[in-house]
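Now for the letters of each chain:
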Amino acid sequence: VDEVNEELENKVKLDKARDTLLYGRGAKIDSMTLVSLIVAVEDALRREHGLSVTLANEKAMSMERSPFKTLGSMIDYVTDVVREAQKE
Amino acid sequence: MHNQIHYDNVTDAWTLILGENLHYGYFACGEETLAEATDALVDAMAALAPIDSKTVLLDVGCGIGGPAFRLHGRTGCAISGISISGRGIELARDTCRRKGLSHRIAFHRRDALDNGFSEGAFDVVWVMESSHLMRDKERLLAESHRVLRPGGRLLLCDLILKREVSLMDVYRLRSDLAVLERSFGEAKMETLDFYEAAARAAGFVEIERRDISREIRPTLDRWKENVERNRAELAAHLDEEDIENFARSCDILKELFSSELLGYGMVAGVRGGP
């Protein structure tokens, strides 16, 4: 979030709160910024934990309740994906 | 980078690539020069409203004044052009003085979302390829509606989305979109359906829309040719990486037009109500 916030104007900076909207109606950021956040997390997992995961796959993007709707739902989703990757 | 800074930085270079009209061209047969085609786009949009020497027109996002000079030359209308780019306004004013048109055409550095003109001041609001640079298009349309007299016309053309773009599309295209943003600034395109609905919500009636993607597309080949032709002169305004980035942007836009993700549309409406 810090990495993405560096590129954002003050009025659209992301709050580090679970209910911060990331996607859909009411979100302060656009889809390009959300993608930057997704890529930043993928890069951090690769760099800091040696995990090569793709968070933005067709399955995740087509979910009725998108895991990228809020920061909280994204954290839960990333936690699940990492847990699965560590089992493999 | 904020679009105002971006456009101040690239305006001089763009005249070497896009020509005196900083917008796409309308190629009816595909054989036209870029200058003929950019004039043709102005003429095609002007054909959607009655414009004559009594018309008072607001040009929102006037660039360096190319469309204003063309419109005035063909119709004699009075024009106020606005842009957030100080450099664009400076060049437009210089040309205006040189042409001796300052009594009929004026250029101001103003924000399209809060333009400062009085209610009902204009017969026509002309928005040529600037709306994609404004995130809040509803506010642009509301402000355009405010400064139009009842029965006045909104004329708008711009890049459009041919379909809704999913988050997965953005993820897949993120590298290309970053290249485009570096060349053209921060942009947000919408569909013609969006523009029609937003114009209606702002109070416009008798809305007409045209998809002119096919006629616009040859512009990208002309721009790329100009990059190659004027590479040495461009180096005085842009670094080599930015020049390469612009050439790559032309290829990316062609791909997006081919894949029917991007296109180009025109929207006209009449200010309803009292």
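I will try to describe carefully the structure that is included in this document. (Residues numbered from 1 in each chain as written. Chains lettered and ligands numbered in written order. Predicted model: local features only at pLDDT ≥ 70, side-chain atom pairs only at ≥ 80, totals over all residues. Heavy atoms only, no water.)

Per the secondary structure count, chain B includes 12 helices and 7 strands. The C-alpha radius of gyration computed for chain B amounts to 18 Å, which stays within 12% of the reference 19 Å derived for 274 residues, consistent with globular compactness. Structurally, chain B occupies a C-alpha span of about 50 × 45 × 35 Å along its principal axes. Within the span of chain B, comprising 274 residues, buried residues form 57% of the whole. Counted over contacts in chain B with a minimum sequence separation of 6, partners at least 24 positions apart contribute 79%. For chain B, the exposed area adds up to about 11,600 Å²; of that, 49% sits on carbon and sulfur atoms. (Helix = DSSP H or I, 4+ residues; strand = E, 2+ residues; numbered from the N terminus. Rg over C-alpha atoms; globule rule 2.2 N^0.38 Å. Buried < 20%, exposed > 50% of the residue type's maximum accessible area, 1.4 Å probe, protein only. Contact = heavy atoms within 4.5 Å. Areas by Shrake-Rupley, 256 points an atom, 1.4 Å probe, with all protein chains shown as cover.)

This next bit is on the packing of helix α7 (residues 174-184) of chain B against helix α12 (residues 240-258) of chain B. All names here are of chain B. Running from N to C, α7 and α12 cross one another at 125°; their axes reach a closest spacing of 8 Å. As summarised for this structure, α7 and α12 are arranged oblique, according to the angle between their axes. Viewed along their axes, α7 and α12 form a crossing whose handedness is left-handed. Here Asp 176, Val 179, Leu 180, Arg 182, Ser 183 and Phe 184 of α7 come into contact with α12, specifically with Glu 241, Asp 242, Asn 245, Phe 246, Arg 248, Ser 249, Ile 252, Leu 253, Glu 255 and Leu 256. Tallied by class, residues from the contact of α7 with α12 come to 7 nonpolar, 3 polar and 6 charged. (Axes fitted to C-alpha atoms, helices over the stretch in contact; angles between N-to-C directions. Parallel < 35°, antiparallel > 145°, perpendicular 65-115°, else oblique. Left-handed = near helix turned anticlockwise from the far one by under 90°. Nonpolar A, V, L, I, M, F, W, Y, C, P; charged D, E, K, R; others polar.)

This part covers the environment of Thr 55 of chain B. Residue and element names in this part refer to chain B. Mapping Thr 55 onto the fold places it in the loop between α2 (34-46) and β1 (56-60). Separated by 22 residues in the primary sequence, Thr 55 and Cys 77 have C-alpha atoms spaced 5.0 Å apart. Those residues in contact with Thr 55 that lie beyond four places of it in its chain are Pro 50, Cys 77, Ala 78, Asp 123 and Val 124. Side-chain polar atoms of Thr 55 contact the backbone nitrogen of Asp 52, separated by 2.9 Å. (Polar contact = N/O pair within 3.5 Å; in protein donor to acceptor, adjacent residues only side chain to side chain.)

Below, the discussion takes up the side chain of Glu 32 of chain B. Residues and elements named next belong to chain B. Summarising the element assignment, Glu 32 is placed in the loop between α1 (3-17) and α2. Lacking a salt bridge, the buried Glu 32 has Arg 222 as its closest oppositely charged neighbour, with an N-O distance of 5.3 Å. Polar side-chain contacts of Glu 32 include one of 2.8 Å to the backbone nitrogen of Ala 28. (Lys, Arg positive; Asp, Glu negative; His and termini not counted. Salt bridge = Lys/Arg side-chain N within 4 Å of Asp/Glu carboxyl O.)

Residue and element names in this part refer to chain B. Strands sit in the order β3-β2-β1-β4-β5-β7-β6 across an open sheet of 7 strands; the sheet is mixed. Each of the sheet's edge strands pairs with one partner strand only, and the pair in question is β3 (105-109) and β6 (204-211). With strand direction ignored, the average angle separating the axes of adjacent strands in the sheet is 15°. Note that strand β5 (residues 148-161) and strand β7 (residues 262-271) share 9 bridges and pair antiparallel. Paired with Leu 159 across the two strands is Tyr 264, which belongs to β7. Packing against the sheet, helix α5 (residues 137-147) makes contact with β1, β4 (122-128), β5, β6 and β7, and its axis sits at approximately 155° to β5. Contacting β5 and β7, α12 crosses the sheet at an angle of about 75° to β7. (Pairing = 2+ DSSP bridges.)

Right, let's talk about the state of the cysteines for a bit. All names here are of chain B. The full count for this structure, using the stated rule, is 0 disulfides over all chains. Free cysteine: Cys 62, not disulfide-bonded; nearest cysteine sulfur from Cys 96 at 10 Å. Residue classification places Cys 62 among the buried residues on the basis of a relative accessible area of 3%. In this model Cys 157 remains outside any disulfide bridge; the closest cysteine sulfur is found in Cys 62, 14 Å from its own. The class for Cys 157 is buried, based on a relative accessible area of 0%. (Disulfide = S-S within 2.5 Å.)

Attention shifts here to the interface of chain A and chain B. Listed per partner, the contact involves 16 residues of chain A and 10 residues of chain B. Buried surface at the junction of chain A and chain B, summed over both partners, amounts to about 1,100 Å²; 70% is from carbon and sulfur atoms. Three residues stand out in chain A for area buried against chain B, namely Met 32, Val 35 and Met 61 of chain A, and they jointly supply 42% of the buried area on that side. For the interface between chain A and chain B, the tally reads 1 salt bridge. Arg 135 of chain B is the salt-bridge partner of Asp 30 of chain A, the closest N and O atoms lying 3.1 Å from each other. Summed over the shared surface of chain A and chain B, the result is 2 residue pairs in polar contact (both at pLDDT 80 or more). For the side of chain A that touches chain B, the elements supplying multiple residues, two or more each, are α2 (31-49) and α3 (58-62) of chain A. With 7 residues, α2 of chain A is the single largest residue contributor to the side of chain A that touches chain B. For the side of chain A that touches chain B, the residue count by class is 9 nonpolar, 3 polar and 4 charged. (Buried area = accessible area lost by both parts, 1.4 Å probe.)

Right, let's talk about the pairing of β5 of chain B for a bit. Residues and elements named next belong to chain B. Summarising burial for β5: 10 of the 14 residues are buried, a large majority. Direction of pairing for β4 relative to β5: parallel, over a ladder of 6 bridges. Its bridge partner lying in β5, Phe 122 is registered against Leu 148. Taken together, β4, α5 and β5 constitute a β-α-β crossover, and its handedness is right-handed. (Right-handed = clockwise from strand over helix to strand, strands pointing away.)

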